[in-house]
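Summary of the model geometry
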Amino acid sequence: MTADRPPDARPQREPGDGWVACACGEQHWGLVGAAGLLLRRRGDDGVELVLQHRALWSHHGGTWGLPGGALHLGERPTDGAVREAMEEAGVEPETIRVRADRALVHPDWSYTTVLAEAVAPWEPRVTDRESLQVRWVPLRDLGSYQLLPAFADALPELRQMLRRLVLVVDAANVVGSRPDGWWKDRAGATARLRDHLAGLATAGLAAEDLGLPGRRWYPEIVLVTEGAARTVQPAGGVQVRAADGAGDDAIVRAARAAAQDGTVVAVATADRELQGRVRAVGAHPVPPRLVRN
Ligand SMILES: [Zn+2]
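Cut-offs applied
- Residues numbered from 1 in each chain as written.
- Predicted model: local features only at pLDDT ≥ 70, side-chain atom pairs only at ≥ 80, totals over all residues.
- Heavy atoms only, no water.
- Donors = N, O, S within 2.8 Å, 3.2 Å for Na, K, Ca; no water.
- Tetrahedral: all angles 85-135°; square planar, octahedral: opposite > 155°, others 65-115°.
- Domains from an automatic or database assignment.
- Contact = heavy atoms within 4.5 Å.
- Buried area = accessible area lost by both parts, 1.4 Å probe.
- Salt bridge = Lys/Arg side-chain N within 4 Å of Asp/Glu carboxyl O.
- Buried < 20%, exposed > 50% of the residue type's maximum accessible area, 1.4 Å probe, protein only.
- Helix = DSSP H or I, 4+ residues; strand = E, 2+ residues; numbered from the N terminus.
- Pairing = 2+ DSSP bridges.

So, about the coordination of the zinc ion. For the zinc ion, the full set of protein donor atoms is Cys22 (SG), Cys24 (SG), His28 (NE2) and His106 (ND1), at a range of 2.0 to 2.3 Å. For the zinc ion, the four donor atoms in the first shell make angles of 101 to 129° at the metal, a pattern classed as tetrahedral. All donors of the zinc ion come from a single chain, and their spacing in sequence reads C-x1-C-x3-H-x77-H.

This is the structure:
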């Protein structure tokens, strides 16, 4: 996707601002790449997306695309997309959750679409001169909008990504999958796993490891504990469910509860019998090595 600005749009030019002459034959805005935010919510008439009506002076002016722009040097695409959406549409970071991203990779440039979900009521507003308007648009009405060509090209795959990923972790199985002395302190080993998982929620999981479209997915994480590890508390955004009885039953319950509204549920366990049980409720087993510290 090409995004550009008039020379006077930003008196404070950022180090990432500039044109790249790409080996594909085009010029692209963003010396270290660009990113945009695809923000969704569930409205009265189904899924709605925040679209930006692009200012007429811009490349493909008058079409509808996503708030976004050039990344700063050293900035992660997820951070850059949210920052640009703050600048262009008044997005409030605390009201959204990043769920996944998708990269369009050119020889000398890349554009990352960051998919996020609104978790609190919020209305977009024009906050700089790059937009004629920004608003919630029902997904079913997209056909009547003239879309930015690159956004239209990406849309078939992006539609497959308007989902949430929940990762349920079989703590006993994952901790026990490597002989590192965990049996001397099961609660301590499980707390370390929890802290590692908190980082994983931010760093994301590779889409190809999950058989999902796009580049990375940023899961909500449910850690199911049992036995001596039941004392471990939630932290860093990781939810913890302490099993009353058999850990496997609690894992199947957590997987079944999460598998609603098209949510993708992955269950980290190497237990063959449990893998079969979670498949039966619509979840996908993944190997412990994907989530281990
Ligand atoms: Zn290119």
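Per the domain assignment, the segments of the protein are domain 1 (19-159) and domain 2 (165-290). Each of domain 1 and domain 2 has a C-alpha centre, and the two are 31 Å apart. Between domain 1 and domain 2, the residue contacts involve nine residues of the former and nine residues of the latter. Across the domain 1 to domain 2 interface the summed buried area is about 840 Å²; carbon plus sulfur atoms make up 45%. Considering only the side of domain 1, the residues that lose the most area to domain 2 are Arg76, Arg99 and Asp101, jointly responsible for 53% of the buried surface there. Linking domain 1 with domain 2 are two salt bridges.

What follows concerns the pairing of strand S4 (residues 46-54). Among the nine residues of S4, eight are classified as buried, and the element is accordingly described as predominantly covered. The sheet contact formed by strand S3 (residues 34-43) and S4 spans four bridges and is antiparallel. For Arg42, the partnering residue across the bridge sits in S4 and is Val47. Hairpin geometry of S3 and S4 is characterised by an intervening segment of two residues between the two adjacent antiparallel strands. Pairing between S4 and strand S9 (residues 131-138): seven bridges, direction antiparallel. By the bridge assignment for S9, His53 is matched with Gln133. Taken together, the two bridges between S4 and strand S5 (residues 64-65) define a ladder with antiparallel strand orientation. The residue of S5 that forms the bridge with Gln52 is Gly65.

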